[in-house]
Amino acid sequence: MTRCRLGILISGRGSNMRAIAGAVESGTLAGAEIAVVVSNRPEAAGLSYAAEKDLPTVIVERGDYDSKRDFDTAILDVLLGHQVDLALLAGYDRIIGQPLLDAYANRILNIHPSLLPKYGGRGMVGLAVHRAAIAAEDTESGCSVHLVTGDVDGGPILGQARVPVLPTDTPEQLAERVLAEEHRLYPQVIGEWVYRKFIREKEKADAHR
Ligand code: GRF
């Protein structure tokens, strides 16, 4: 069976990448394989894990390119070169530019640590997201997996998971509770996408041959 080839983009810790790799390894994310892990930061901790697991890794640094467009095109070349079917942002800290959006329209997913549309958009990264939920005295927060479009954190939502916000929560405590749900939600939504958009489409195409 042809597997859906995943390209994972990271910039840091890479815990979501680990969760995805774990799901592929255990068979809960059947029908997919990791084709490449791309990092825009050579120091990203997730790269050592990827290397330990013998996953192909590629570093593409913004500073090596004159323009953002050239940088995005370089990432696109890596994805195409590894025959990636689905690109996954997993703590990737740059905005996805037009070359990637065009070539991978409806084939880039992101996970965000809030119940979008709340607390999304430029600048809403890391602990800022959880600080905002606490400041608003929200009683619940969570995470969202969405399709990546030109509207930052604004693409169609494919899945969400909820957690309570406790009155005593620090942003760090809330981040930890949300992250545990991210690790469950992301592989699940990827699995659904792979089934709906990859396996079923391939079966349909085969049936028409
Ligand atoms: C996660 O909270 C994710 O929602 C956000 O960035 C963080 C990445 O964490 N987009 P990790 O690198 O996957 O551990």
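The structure this text deals with has already been given above.
The structure presented is a predicted model; accordingly, all values stated were derived computationally and were not measured.

### Some words on the overall build of the chain
Logical step 1: Along the backbone of the chain there are 6 helices and 7 strands.
Logical step 2: Listed N to C, the secondary structure of the chain is β-α-β-α-β-α-β-α-β-α-β-β-α in terms of helices and strands.
Logical step 3: Taking 209 residues into account, the globule formula puts the C-alpha radius of gyration at 17 Å, and the chain, at 17 Å, falls close to it.
Logical step 4: Across its three principal directions, the C-alpha atoms of the chain cover 55 × 45 × 35 Å.
Logical step 5: Pairs at least 24 residues apart make up 66% of the contacts formed inside the chain by residues separated by at least 6 positions.
Logical step 6: For the chain, the exposed surface amounts to about 10300 Å²; the carbon and sulfur share of it is 50%.
Logical step 7: Computed over 23 positive and 28 negative side-chain charges, the separation of the two mean positions in the chain equals 4 Å.

### Regarding helix H6 (residues 171–207)
Helical geometry note: an α-helix holds 3.6 residues per turn, so side chains three or four residues apart project in the same direction.
Logical step 1: Across its 37 residues, H6 extends 51 Å between first and last C-alpha, which sits within 8% of the 54 Å expected from 1.5 Å per residue.
Logical step 2: Of all the bends in H6, the largest measures some 35° and sits at Tyr195.

### Considerations on the packing of helix H5 (residues 127–135) against H6
Logical step 1: Running from N to C, H5 and H6 cross one another at 105°; their axes reach a closest spacing of 9 Å. With respect to H6, the element H5 is oriented roughly perpendicular. Where H5 approaches H6, its residues Leu127, His130, Arg131, Ala133 and Ile134 are matched on the opposing element by Pro171, Glu172, Leu174, Ala175 and Val178.
Logical step 2: Counted by class, the contact of H5 with H6 contains 7 nonpolar, 1 polar and 2 charged residues.

### Quick look at the sheet that holds strand S2 (residues 32–39)
Logical step 1: The strand order across the open sheet formed by 7 strands is S3-S2-S1-S4-S5-S6-S7, and the pairing between neighbours is mixed. Looking along the sheet, the strands with just one partner apiece sit at the ends: strand S3 (57–59) and strand S7 (157–164). The mean inter-strand angle of the sheet, taken between neighbouring strand axes irrespective of direction, is 20°.
Logical step 2: Of the pairings in the sheet, the one linking strand S4 (residues 86–89) to strand S5 (residues 108–112) comprises 3 bridges and is parallel in character. When the sheet's bridge partners are listed, Ala87 is paired in S5 with Ile108.

### Details of the site of the ligand
Logical step 1: Close to the ligand lie Arg13, Gly14, Ser15, Asn16, Gly91, Ile111, His112, Pro113 and Glu182.
Logical step 2: A distance of 2.5 Å is found between an oxygen atom of the ligand and a side-chain nitrogen or oxygen belonging to Ser15.
Logical step 3: Here an oxygen atom of the ligand sits 2.7 Å away from a polar atom, N or O, in the side chain of Glu182.
Logical step 4: Protein chains bury 83% of the 370 Å² of accessible surface belonging to the ligand in isolation.
Logical step 5: Those elements giving two or more residues to the shell around the ligand turn out to be helix H1 (15–26) and S5.
Logical step 6: Here the shell around the ligand is built from residues that sort into 2 nonpolar, 5 polar and 2 charged.

### Observations regarding the packing of aromatic side chains
The way to describe two aromatic rings as a pair is by their centre distance and the angle between their planes.
Logical step 1: Counted by the stated rule, this structure contains 1 aromatic pair.
Logical step 2: Ring centres 6.3 Å apart and planes at 55° place the aromatic pair Tyr65 and Phe71 in the tilted group.
Logical step 3: For Phe71, a relative accessible area of 0% corresponds to the buried category.

Quick notes on the rules
- Residues numbered from 1 in each chain as written.
- Predicted model: local features only at pLDDT ≥ 70, side-chain atom pairs only at ≥ 80, totals over all residues.
- Heavy atoms only, no water.
- Helix = DSSP H or I, 4+ residues; strand = E, 2+ residues; numbered from the N terminus.
- Rg over C-alpha atoms; globule rule 2.2 N^0.38 Å.
- Contact = heavy atoms within 4.5 Å.
- Areas by Shrake-Rupley, 256 points an atom, 1.4 Å probe, with all protein chains shown as cover.
- Lys, Arg positive; Asp, Glu negative; His and termini not counted.
- Charge placed at Lys NZ, Arg CZ, Asp CG, Glu CD.
- Expected span 1.5 Å × (residues − 1).
- Bend = angle between axes of the 7 residues up to and from the residue.
- Axes fitted to C-alpha atoms, helices over the stretch in contact; angles between N-to-C directions.
- Parallel < 35°, antiparallel > 145°, perpendicular 65-115°, else oblique.
- Nonpolar A, V, L, I, M, F, W, Y, C, P; charged D, E, K, R; others polar.
- Pairing = 2+ DSSP bridges.
- Near = heavy atom within 4 Å.
- Polar contact = N/O pair within 3.5 Å; in protein donor to acceptor, adjacent residues only side chain to side chain.
- Phe/Tyr/Trp six-rings, centres within 6.5 Å; stacked < 30°, edge-to-face > 60°.
- Buried < 20%, exposed > 50% of the residue type's maximum accessible area, 1.4 Å probe, protein only.

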